[in-house]
Amino acid sequence: MTQQPIDGATLLNEVEAFHRRFNVFPREAAYVAVALWDAHAHLLDAFDSTPRLAFLSPEPGSGKSRALEIVETLVPKPMVAVNASAAALFRAVSSGEGRPTILFDEIDTVFGPKAGDNEELRGFLNAGHRRSGVTYRCVGDGGNQTVQAFPSYTAVAVAGLGSLPDTILTRSVIIRMRRRARNERVEPYRQRLHEKEGHLLRDRLAVWAEQVREQVRDAWPELPEGVTDRPADVWEPLLAVADAAGGDWPKRARAACLELVKASQADDKGSLGIRLLTDLRDHVMIGVDRLPTIAVLDRLNALDDAPWADLQGKPLDSRRLARMLSEYMTGDNEPVASRNIRTGGGILKGYYATDLHDAWQRYCPPPSQQPLQPLQPLHPSSQALPA
């Protein structure tokens, strides 16, 4: 019996509404992104890459696990992993029993500050982002071992406290969760009751995916202006899903893309080197074309909310500053280095803005477009001391 065509826009509206019943996301764009991610998990073979979905928060009780639980009801072959090893995950993906959707709760126990680097699992998550991604392992006993490539490509959603390694964050749609305010209400989730509703939506998503698979496979969705490189890889599959669904989803998806990409860039502190370059541009060398090293260090170490006064128990010094800046190049393709600066008291070593300009252009986020506002004078009555 031929399946009746399913209206993709209406179906995605229902998926979004299902999330809204049980989740309070921090912004409207998050509902759009998560609904598109749920649908894209049914279409993995149509894409060259799959974005990770990351529910992150600074504190427990922010709804991350509940969000992952709702996603579980909507995606194909969910595999809930807590403290799963990389070996277990890549064997599950390459078992031949159908590609699972991996849902990794408490990811902070894997990549948190007390968990070590977990390079093997990080490598699996990075490799599985691309359809061509594989994980190589030795198979066999003793001297009869051979190297075998295990496919790693699969959809992954994670939830955890804090942050994630940059290599995973840059491949993710990031939802920064927060605790519900007193006036924010959600419907209590009852698995025995509501899981069936989610599965009905999941089954319809699977049917719709088959109906649009060829359309999505041949799609090259138009990306919003300014979305390139890694963010483009993340959002291209989701925009292809939105275009296939039609209705207002193409417009909503692109608005959500811009909003969440900008939010992730604002949250991204980058490496320590990029932080150094950005602080030099925005706080240290404003209005000057050169500055002695001693003055650079004084200004950096005096910055509030900056790491320079306490780098593993020591303030930034001239030797470490020179070493960090030497990793970047001038416009003439020479390492950034201190040079002589003539002052009224003699000649000192220091840094020139012209030497840093090329690195600023290449590595630093755009400077803020909002100028600092002057402090307003206190109301006369507020200046009076209490009797």
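Owing to the predicted nature of the structure, the values given are computational and were not obtained by experimental measurement.

A. Spatial organisation of the sheet that holds strand 9 (residues 339-343). Sheet architecture is open: three strands sit in the order 8-10-9, paired in antiparallel fashion. The sheet terminates laterally at strand 8 (290-292) and strand 9, the two strands that pair on one side only. Each neighbouring strand pair of the sheet contributes to a mean axis angle of 55°, computed without reference to strand direction. Both strand 8 and strand 10 (residues 346-352) contribute to a ladder of three bridges, which runs antiparallel. Looking across to strand 10, one finds that Leu291 is bridged to Tyr351. Strands strand 8 and strand 10 of the sheet are contacted by helix 12 (residues 293-301), whose axis makes an angle of about 90° with strand 8.

B. Region of interest: the environment of Gln148. For Gln148, the position within the fold is in strand 5 (residues 146-151). In the structure, Gln148 is positioned 62 residues away from Ala86 in sequence and 15 Å away in space, judged by C-alpha atoms. Those residues in contact with Gln148, other than ones at most four positions away along the chain, are Thr135, Tyr136, Arg137 and Val139.

C. How the structure looks around the side chain of Arg52. Relative to the helices and strands, Arg52 is located in strand 1 (residues 52-57). One buried charge, Arg52, has no salt-bridge partner; the nearest side chain with opposite charge is Asp233, at 12 Å. In terms of polar contacts, Arg52 uses its side chain to reach the backbone carbonyl oxygen of Gly128, at 3.4 Å. When near neighbours in sequence (up to four residues on either side) are disregarded, Arg52 contacts Trp37, Leu125, Gly128, His129, Thr154, Ala155, Val156, Arg171, Ser172 and Val173.

D. Summary view of the pairing of strand 9. Pairing of strand 9 with strand 10 involves five bridges; the strand directions are antiparallel. Bridge pairing in strand 10 places Ile341 opposite Leu348.

E. Highlighting the packing of helix 4 (residues 86-93) against helix 6 (residues 119-127). It is the contact of helix 4 with helix 6, at a shortest axis distance of 9 Å, that shows an interaxial angle of 25°. One element, helix 4, and the other, helix 6, form an angle in the roughly parallel class. Mapping the contact onto sequence places Ala86, Leu89, Phe90 and Val93 in helix 4 and Glu120, Leu121 and Phe124 in helix 6.

F. Fine view of the sheet that holds strand 7 (residues 172-176). Taken in spatial order, the five strands make up an open sheet running 2-3-6-1-7, and their pairing is parallel. With one partner strand each, in any of the chains shown, strand 2 (78-81) and strand 7 form the two edges of the open sheet. Going across the sheet, the axis of each strand differs from the next one's by a mean of 15°, ignoring polarity.

G. Quick peek at the packing of helix 1 (residues 8-22) against helix 2 (residues 28-40). Close contact between helix 1 and helix 2 brings their axes to 9 Å; oriented N to C, the two are set at 120°. Compared by their axis directions, helix 1 and helix 2 come out oblique. Where helix 1 crosses over helix 2, the two elements pack in a sense that is right-handed. Along the contact surface, helix 1 presents Leu12, Val15, Glu16, His19 and Arg20, while helix 2 presents Glu28, Tyr31, Val34, Ala35, Leu36, Asp38 and Ala39. When grouped by side-chain class, the residues that make up the contact of helix 1 with helix 2 number seven nonpolar, one polar and four charged.

Basis of the calculations
Residues numbered from 1 in each chain as written. Predicted model: local features only at pLDDT ≥ 70, side-chain atom pairs only at ≥ 80, totals over all residues. Heavy atoms only, no water. Pairing = 2+ DSSP bridges. Helix = DSSP H or I, 4+ residues; strand = E, 2+ residues; numbered from the N terminus. Axes fitted to C-alpha atoms, helices over the stretch in contact; angles between N-to-C directions. Contact = heavy atoms within 4.5 Å. Buried < 20%, exposed > 50% of the residue type's maximum accessible area, 1.4 Å probe, protein only. Lys, Arg positive; Asp, Glu negative; His and termini not counted. Salt bridge = Lys/Arg side-chain N within 4 Å of Asp/Glu carboxyl O. Polar contact = N/O pair within 3.5 Å; in protein donor to acceptor, adjacent residues only side chain to side chain. Parallel < 35°, antiparallel > 145°, perpendicular 65-115°, else oblique. Left-handed = near helix turned anticlockwise from the far one by under 90°. Nonpolar A, V, L, I, M, F, W, Y, C, P; charged D, E, K, R; others polar.

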